[in-house]
Amino acid sequence: MVRVLVTVEPRMYREALALAVQRHRPGAEVMLVPANVLDGQVEDFEPHVLVRNDSDEAVPGELLGNVVCTMEVLFTDGMAARVSVDGRSYTIEDVSMEDMLALVDEAEGLLSGSRDGT
C-alpha cells in the first residue's frame, strides 16, 4: 500500500489533493499535515510520496527514507510542479490532479517492483 504525505499550503489545497487521492486511489493511505508540523507522527507514517510546496523548509532526512516520489508545487503565474521519481526530475506546467494520481500510481509500481525483487 502506497502512503502519501501532503503538506501543501494553503490548507484548502492540501485538503483537495488528499481528497482526490482518497477518492481515486482508495487503497492509498493519506496523511495531511502543515509543513511546520512534521513530527514523530509523520516519521511513523513512513510516506512513499511527498506532495509539498517548493518554498517549504527542508524535510528532515529521516522522513525521506521511504519516499520514492516527490511533487513540489510551484506557485508562480500558473500552477506548475517539480517532480522527482527514481532519480529523475522534471517539471510539469499547469499540473493537474491526474498528474498527481499518475505519480501515486508510479510510486506504487516502484514499490511493487521492489517487493517482487525486480
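The coordinates are above.
Enquirer: Can you walk me through the pairing of strand β3 (residues 49–53) in this structure?
Expert: Regular strands show a simple pattern: their side chains alternate between the two faces of the sheet. In terms of burial, β3 is a largely internal element, 5 of the 5 residues being buried. Here β3 shows a buried face lined by V49, V51 and N53 and a second buried face lined by L50 and R52. Here strand β1 (residues 3–6) pairs with β3 via 3 bridges, running parallel. Paired with V4 across the two strands is V49, which belongs to β3. Note: β3 against strand β4 (residues 69–75), 5 bridges, orientation parallel. Counterpart to N53 in the pairing with β4 is V73.

About the thresholds
Residues numbered from 1 in each chain as written. Predicted model: local features only at pLDDT ≥ 70, side-chain atom pairs only at ≥ 80, totals over all residues. Heavy atoms only, no water. Buried < 20%, exposed > 50% of the residue type's maximum accessible area, 1.4 Å probe, protein only. Helix = DSSP H or I, 4+ residues; strand = E, 2+ residues; numbered from the N terminus. Pairing = 2+ DSSP bridges.

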